[in-house]
Amino acid sequence: MRTPQPAIATPPSDTEGAMEQEPSSGQSVRTRSQHQRRKRIVQAAAALASRGGVEAMQMRTVAERAGVALGTLYRYFPSKMDLVVAVVGEEIDLLESSIERRPPSASTPAGRAVDVLMRATRGLMREPELADALIRSLILAEVETPFGDRMTGLLLRVSAGGISRDQASEEQIALAGSLSSIWVQELLEMLRGRRTYEQIQRRIEIASDRLLSDI
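Residues numbered from 1 in each chain as written. Predicted model: local features only at pLDDT ≥ 70, side-chain atom pairs only at ≥ 80, totals over all residues. Heavy atoms only, no water.

A. Structural detail: the environment of L156. Residue placement: L156 occurs in helix α8 (residues 147-159). Note: C-alpha distance between L156 and I173 (17 residues apart in sequence) is 7.4 Å. Aside from chain neighbours lying at most four places away, what touches L156 is G161, G162, I163, R165, A168, Q172, I173, A176 and I215. (Helix = DSSP H or I, 4+ residues; strand = E, 2+ residues; numbered from the N terminus. Contact = heavy atoms within 4.5 Å.)

This is the structure we're talking about:
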């Protein structure tokens, strides 16, 4: 899902203190600066995870790579898992942008869902270390993560005529959520070397046909 990122240059200094002391007229500047700083932190964490997994995402190392003080990093992300969740969120943002630019063209709900899940698989497998870090961390997560709900919502939109989670029935949400969970487990098996891409695609096709036939 991730577009290859260039090496992240370390900024000359962390300017958060100065920005927070600006008058109220500088609110938009502060907000933009904070957004850019947060994005820089998430990109630094993702770059480290893509090379060494979650173990490489040490908070001090992330702070140094992003060019922020360690205290600043903890204000944005109180724990490593919060940082992992943010990286996951960015990955889903990239997938959703891809779907908006090029919506699935299959004629059936199951076919459109397979398109989305295999597109996500190809994107993640371009950086297997990052994918492995994210999937394993999500399975062991001790904080609430957006991954399951967002993937379920995306599958509902593409397979059920653009409906949202709020508009979907309990059964529709359960079916889409089950397919999302199957995909996560299959992806983990692929990362462990127990599945090929072709095997995952076939298994996802079977699950989609069964789960989404009446969605």
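B. Summary view of the pattern of salt bridges. Counted by the stated rule, this structure contains 11 salt bridges. Here E186 makes a salt bridge to R203, at a shortest N to O gap of 3.0 Å. One end of the pair, E186, is in helix α9 (residues 170-191); the other, R203, is in helix α10 (residues 197-211), and 17 residues separate them in sequence. Close ionic contact of R192 with E189 constitutes a salt bridge, the shortest N to O distance being 3.2 Å. Several salt bridges share partner residues, and in doing so they unite D93, E96, R150 and R157 into one network. (Salt bridge = Lys/Arg side-chain N within 4 Å of Asp/Glu carboxyl O.)

C. How the structure looks around the packing of helix α5 (residues 80-101) against α8. It is at 10 Å that the axes of α5 and α8 come closest, and there the two elements cross at 10 degrees. Between α5 and α8, the crossing angle belongs to the class labelled roughly parallel. In this structure, α5 uses V88, G89, I92, D93, L95, E96 and I99 to contact α8, whose residues at the interface are F147, R150, M151, L154, R157 and V158. For the contact of α5 with α8, the per-class residue count stands at 8 nonpolar, 1 polar and 4 charged. (Axes fitted to C-alpha atoms, helices over the stretch in contact; angles between N-to-C directions. Parallel < 35°, antiparallel > 145°, perpendicular 65-115°, else oblique. Nonpolar A, V, L, I, M, F, W, Y, C, P; charged D, E, K, R; others polar.)

D. Representation of the UniProt feature "DNA-binding region" (unreviewed entry) in the protein. The UniProt entry lists residues 58-77 under the feature "DNA-binding region" (unreviewed entry), expressed in the numbering used here. Taken end to end, residues 58-77 is 75% helix and 0% strand, and its first and last C-alpha atoms sit 12 Å apart. (UniProt positions renumbered as here; feature names shortened; annotations may be inferred.)

E. How the structure looks around the packing of α9 against α10. Remark: α9 packs on α10, axes separated minimally by 10 Å, with the N-to-C direction vectors making an angle of 165 degrees. It follows that α9 is roughly antiparallel to α10 by the angle criterion. Crossing of α9 over α10 shows right-handed handedness. Residue-level inspection shows L175, S178, L179, I182, W183, E186, L187 and M190 of α9 in contact with α10, the latter providing Y197, I200, R203, I204, A207, S208 and L211. By residue class, the composition of the contact of α9 with α10 is 11 nonpolar, 2 polar and 2 charged. (Left-handed = near helix turned anticlockwise from the far one by under 90°.)

F. Here's a closer look at helix α3 (residues 59-66). Within α3, the full set of buried residues consists of M59, V62, A63 and A66. In an axial view of α3, the angular spread of the buried residues amounts to 100 degrees, which keeps them on one side of the axis. The outward face of α3, more than 90 degrees from its buried face, is lined by the exposed residues R60 and E64. One or two residues past the end of α3 sits G67, with phi positive at roughly 75 degrees. (Buried < 20%, exposed > 50% of the residue type's maximum accessible area, 1.4 Å probe, protein only. Arc of directions from axis to C-beta.)

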